[in-house]
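# A closer look at the structure
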Amino acid sequence: MSDKPKTFYDDLSRRHMLGGMAALGGAVLVGPGLIGRAQAKTPGTLVFGLSSYPPGIKPWENKGTASSTVKLQLFRGLLGYGPDGGLQPELAESWEIPDAQTYIIQLRDNAYFHNGDPVTAEDVKVSLEAIAAEDSTAHLRSRFGVVESIEIVDPKTVRINLKEPQVTFIYLLASVHSHIVSAKELAKDPNNFVGAGPYRMVEVERGTRIEMEAFDKYYKAGLPKTKNLRFDAYKDENLRVAALEAGDVDVIEYVPWQSMDSIGANSKLNLDVVDGPFMYLLFNTEAGPFTDPRLRQAVAYAVQRQDVIAAAFFGRGNLLGAMPIPKGSEYHEPSFEGHWKRDLEKAKALLAEAGFPDGFQATLLSTAQYGMHKDTAEVVQQNLADIGIQVKLNLPDWATRVSLGNRGQYDFAVMGSAGDFNDPDALTNFLDGTRGNSYVRSLGFADDEINGLLAEGRQELDPAKRKAIYDKVHARALELAPIVPINWRAQGYATQAYVSGFKNMPGFLTFYSGYTIENTAIE
Amino acid sequence: MGGGGLTTYVARRVLIALGLVYIVTTIVFLVLHVIPGDPAMLLLSGGGVDPSAEAVAELRRKLGLDQPIFTQYIDYLAGLLQGDLGNSFQDDHPVAAEIAKRLPRTIELILAAALLSVLTGLPLGTLAALRQGGITDRSLSLVAGLMLSVPVFVTGTLLVLVFAQKLQWVPAGGFVEWSRDPIRHLIHLLMPAVTIAMGLSAVIFRMMRTTVLETLQQEWVRTARAKGLSGRSVLLRHVVRNALGPVLTVLGLHMGTLLGGTVLVEYVFNWPGLSGFLVVAVETRDYPEVQGIVLVISFLFILLNLLVDLLYSVLDPRIRLE
């Protein structure tokens, strides 16, 4: 047919339809503009952008950074950490350690739970005993096994007796996983955890938002500095940054490395970065090539650490060529620093010595769910090809990665972790295979000498002697290479420029920077 | 065929639908339990720090994961029959309550997107058909092709970049309840709805364009015009109305797909609906949540298809015979 109606409806179409479209489009685009900035800073409310909605906020379980940050507002333990990372009293007013087996805690007079009751020795005893109880799912359950008994000396004094001397027990009392809750409320309902933290819960929109307000009977005078506190969960890291740049939130955690430069350069924002956790390789020492320490050493000398920092962390991180004891620690030994650096001759010599002059094949387990784990694995794969080790990558999702790690289904694996506290005893978790199979440490690695020294270190009160003990641990670990550290990973928080008082705490404590929310003020 | 035939047909279709729901439930249950990943271990190892083995064992016991898989399956089915979807592994929150809260948000998002798509796709599709081969038609078709081929996480991210980060007109994402602040609620709804609408309106645009073109070729259009009706009334009363049927069918079918397909959009914009929630549930291996969400989505999907089938059979009795 030739009468295709091309100009048939001219009178109607152009005028009406284009006009209508323009009006609709205009409404969509201009509407919010007229309303103005959709969400400005709420006066008197600090808005904190979490990296995920906490999968639970029970006081003694470890459910990740977001959960710890929220927990720290509702609960407090006997001790805690100041912004500089030093131990500081919280519910305890003071403490005394007559010998490393006895801890005497004096409680504050002015500490109250959110139900208005004062914090007493009874609450401390009940809380700490619940951590080690038979039906406990507490993070520190095993570690609290060292407690022999908890005595109530008087309503404000507690005496904790240990089964054996342990100088690191003080860090357990300062952990964000050993908060004190009201014994009275717990007796009424075993799932009702009432704490004595700076903020009290107002409203929860599960999966999205948590709102709190300052607790008026908080034991620190003048704190918290901001009346209202709101946590908004932004699981997508780009959206989290976008929310900060758009002014929707005042603080964000887990600043993605690729955004650090642009946030740092933005005069309306502040970036606070510390060396926090560390990245490392762990090995299957029960089966496969890496049962031979020389081959683990060869890997340690073949990895080009700068490349990992550049590729996986956009240049944000520091080299780690020895065991992860941070520079600021009194246990840091400069002579070990940079012990492992790329040296292909040494690596090849070790391979030849172990009977693999032409290299071998090995499977590297990591995860595609987190870019930093995947990118690290890819760099390691390239680096090891230079000495003839053919690496096959296995990159499942994180949940699978954890399971395969626990079962030891790998030749070696990429991992990133932090210790529970800033003390060299935290190394135990990575070096002592007798603690059971775990995705964070090498399968089957156990060395009597290292374990003996670690046990000694836990009991030694004298810092100089302790330092000597951990130096020996360190030297032995460099010889056996149970793990191969790669780098310190930059861990960042970012805030609006008008936010003051928030601080990224040093080292492994970075994940507990939620302590400083009570000092945080907006304008 | 009499009324008895229709009843039999309906009964058969409902039975098949119920069977399908049961099969989906079982498959999801089995797949979840077979894939690696231990919920108790994952829940207790925040920040890459491993939990103590005793704590994990205790949590497994509390969650019932220490039971044989068959026992767990029977318990799950028994719960389902009583309308109990179980409690979240993460914080013991009832799954059914959470779904009841989130499902309306997902539906709201889909409906808003559908509305935007219809408002843009219908007139533009008609316009393109009327201008077939012209510059308007070709440029609109090009844009539609683009919008169809760009994935939602790209358009979504671009929208955030431009309108939230650079222009700061709208928040980057999130949600405010209608009851709290209706205007802020709509502002938060805008970007995710536009993101979904882009692809959907392109679908409607194409469908509308094709159908209008076909309709315009019909002899009765010429007759109507010859009768002396104005171009405007022929177009609106006859052409567009006749073209709407197939377009609405396509839209209806897409609504079902969108129920599961909004996952990425909800994730990118932090819209606390049902599908984005599924991502977190899968990552943490929260079995009851994953099972509950998949069950509800597949139930709705099957229900939608069932309704379409039944509607067809009422409209066209021949279908029952096949």
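Residues numbered from 1 in each chain as written. Chains lettered and ligands numbered in written order. Predicted model: local features only at pLDDT ≥ 70, side-chain atom pairs only at ≥ 80, totals over all residues. Heavy atoms only, no water.

A few words now on the overall build of chain B. A tally of regular secondary structure across chain B gives 14 helices and zero strands. Listed N to C, the secondary structure of chain B is α-α-α-α-α-α-α-α-α-α-α-α-α-α in terms of helices and strands. Sorting the 322 residues of chain B into buried and exposed places 48% on the buried side. Considering only residue pairs separated by 6 or more positions, chain B has 73% of its internal contacts joining residues 24 or more positions apart. Summed over its atoms, the accessible surface of chain B is roughly 15000 Å², and 69% of this surface lies on carbon and sulfur atoms. Between the centroid of the 24 positive side chains of chain B and the centroid of its 23 negative side chains there is a distance of 18 Å. (Helix = DSSP H or I, 4+ residues; strand = E, 2+ residues; numbered from the N terminus. Buried < 20%, exposed > 50% of the residue type's maximum accessible area, 1.4 Å probe, protein only. Contact = heavy atoms within 4.5 Å. Areas by Shrake-Rupley, 256 points an atom, 1.4 Å probe, with all protein chains shown as cover. Lys, Arg positive; Asp, Glu negative; His and termini not counted. Charge placed at Lys NZ, Arg CZ, Asp CG, Glu CD.)

Ranked by internal contacts, the top residues of the largest apolar core, which has 238 residues, are L78, L128, I160, F169, L281 and F412 of chain A. The two domains that each donate at least three residues to this core are domain 1 (3-81) and domain 2 (95-316) of chain B. I160 of chain A has contacts with Q101, T102, Y103, I105, L128, V147, S149, I150, F169 and L173 of chain A, leaving out every residue within four places of it along the chain. Core analysis: the second largest hydrophobic core is formed by seven residues, L124, A128, A144 and F205 of chain B among them. (Core = buried A, V, L, I, M, F, W, Y, C linked by side-chain atoms within 4.5 Å. Domains from an automatic or database assignment.)

Residue and element names in this part refer to chain B. Along the chain, L81 falls in helix α4 (residues 69-81). On the basis of relative accessible area, L81 is assigned to the exposed category, the value being 79%. For the pair L81 and Y9, spaced 72 residues apart in the sequence, the C-alpha separation amounts to 25 Å.

Turning our attention to the interface of chain B and chain A. For interface size, the figure often reported is the accessible area lost on association. Chain B puts 76 residues into the contact, and the matching count from chain A is 76 residues. Summed over both sides, the interface between chain B and chain A buries roughly 6500 Å², with carbon and sulfur atoms accounting for 55% of that surface. Of all residues in chain B, D50, Q168 and W169 of chain B give up the largest surface area on contact with chain A, accounting jointly for 10% of the area buried on that side. Scanning the region where chain B abuts chain A turns up 11 salt bridges. E203 of chain A is paired through a salt bridge with R180 of chain B; the nearest N and O atoms lie 3.5 Å apart. On the surface where chain B and chain A come into contact, there are 24 residue pairs in polar contact (both at pLDDT 80 or more). The leading source of residues in the side of chain B that touches chain A is helix α5 (residues 95-130) of chain B, at 11 residues. Class assignment of the residues belonging to the side of chain B that touches chain A gives a composition of 37 nonpolar, 18 polar and 21 charged. (Buried area = accessible area lost by both parts, 1.4 Å probe. Salt bridge = Lys/Arg side-chain N within 4 Å of Asp/Glu carboxyl O. Polar contact = N/O pair within 3.5 Å; in protein donor to acceptor, adjacent residues only side chain to side chain. Nonpolar A, V, L, I, M, F, W, Y, C, P; charged D, E, K, R; others polar.)

So, on to the packing of aromatic side chains. Residues and elements named next belong to chain A. With the rule as written, the count across this model stands at 30 aromatic pairs over all chains. With a centroid separation of 4.9 Å and an interplanar angle of 85°, the aromatic rings of W257 and F313 are classed as edge-to-face. Of this pair, W257 sits in the loop between β11 (251-252) and α7 (260-265) while F313 sits in helix α9 (residues 305-313); the two residues are 56 residues apart in sequence, bridging distant segments of the chain. Take W257 and F313: they sit in the same class, and that class is buried. With 6.1 Å between their ring centres and 70° between their planes, F278 and W488 make a pair best called edge-to-face. With a gap of 210 residues between them, F278 in strand β12 (residues 269-283) and W488 in strand β17 (residues 483-496) connect regions that are remote in the sequence. Taken as a pair, F278 and W488 share a single burial class, namely buried. (Phe/Tyr/Trp six-rings, centres within 6.5 Å; stacked < 30°, edge-to-face > 60°.)

What follows covers the environment of T102 of chain A. All names here are of chain A. Here T102 lies in strand β5 (residues 102-107). Sequence spacing of T102 and Y515 is 413 residues, and the spatial spacing of their C-alpha atoms is 27 Å. The contacts of T102, once residues within four sequence positions are left out, are E96, I97, R159, I160 and N161.

All names here are of chain A. Secondary-structure assignment places T510 in the loop between β18 (499-500) and β19 (521-522). In this structure the side chain of T510 is engaged in a polar contact, spanning 2.8 Å, whose partner is the side chain of N504. Leaving out residues up to four positions away in the same chain, T510 has contacts with V274, G276, P277, Q491, Y493, N504 and M505.

In this section: the domain arrangement of chain B. All names here are of chain B. What the domain assignment reports for chain B is domain 1 (3-81) and domain 2 (95-316). Distance from the C-alpha centre of domain 1 to the C-alpha centre of domain 2: 32 Å. Counting from both sides, the interface comprises 22 residues of domain 1 and, opposite them, 15 residues of domain 2. Note on domain 1 versus domain 2: buried area summed over both sides is about 1700 Å², and carbon and sulfur give 75% of it. Considering only the side of domain 1, the residues that lose the most area to domain 2 are R13, V21 and L32, jointly responsible for 27% of the buried surface there. Our enumeration of links across domain 1 and domain 2 arrives at zero salt bridges.

The next subject is unusual backbone geometry. For residues that are not glycine, phi is negative in most cases, and the peptide bond is trans in most cases. Looking along the chain, the bond that leaves L223 of chain A and enters P224 of chain A is cis, with omega of -5°. With respect to the helices, strands and loops of the structure, P224 of chain A is situated in the loop between β9 (209-214) and β10 (228-233). A positive phi angle, close to 50°, is found at Y254 of chain A, a residue other than glycine. Residue position: Y254 of chain A is located in the loop between β11 and α7. In this model, Q168 of chain B sits at a positive phi of 55°, which is unusual for a non-glycine residue. Locating Q168 of chain B in the fold gives a position in the loop between α7 (152-166) and α8 (182-217). The buried category is assigned to Q168 of chain B, whose relative accessible area is 18%.

Moving on, we get to the pairing of strand β15 (residues 390-394) of chain A. All names here are of chain A. In this sheet, β15 lies alongside strand β14 (residues 361-365) in parallel orientation, the contact comprising five bridges. Paired with Q361 across the strands is Q390, a residue of β15. Taking the sense of rotation as the criterion, the β-α-β connection linking β14, helix α11 (residues 371-385) and β15 turns out right-handed. (Pairing = 2+ DSSP bridges. Right-handed = clockwise from strand over helix to strand, strands pointing away.)

All names here are of chain A. Within helix α2 (residues 65-74), 10 of the 10 residues are buried, which leaves it mostly tucked inside the rest of the structure. Along α2, the residues classified as buried are T65, A66, S67, S68, T69, V70, K71, L72, Q73 and L74. Considering only its buried residues, α2 is in contact with β1 (45-50), β8 (199-205), β9, β10 and β17.

Here the focus is the confidence of the model for chain A. Residue and element names in this part refer to chain A. Of the residues in chain A, 92% reach a pLDDT of 70 or more, and the chain-wide mean stands at 91. Taken element by element, the predicted model of chain A shows its lowest mean pLDDT in helix α1 (residues 10-35) (46) and its highest in β11 (98). Taken as a whole, residues 1-15 scores under 50 in pLDDT and shows 29 contacts with residues more than four places along the chain or in a different chain. Predicted confidence for residues 17-40 stays below pLDDT 50, and this span has 42 contacts to residues more than four positions away or in other chains. (pLDDT = per-residue confidence, 0-100.)

All names here are of chain A. Counted residue by residue, strand β7 (residues 157-162) has five buried out of six residues, so it is predominantly covered. Relative to β7, β5 runs antiparallel, the two being bridged by five bridges. Within β7, the residue paired with I104 across the bridge is R159. Two strands pair when backbone bridges link them, and strand β6 (residues 147-154) and β7 are joined in this way by six bridges, in the antiparallel orientation. Residue pairing across strands places V147 opposite L162, the latter belonging to β7. In this structure, the hairpin formed by β6 and β7 is closed by a connection of two residues.

Per-residue confidence for chain B averages 86 on the pLDDT scale, and 95% of its residues sit at or above 70. Two numbers describe this predicted complex: its pTM, 0.87, and its ipTM, 0.83.

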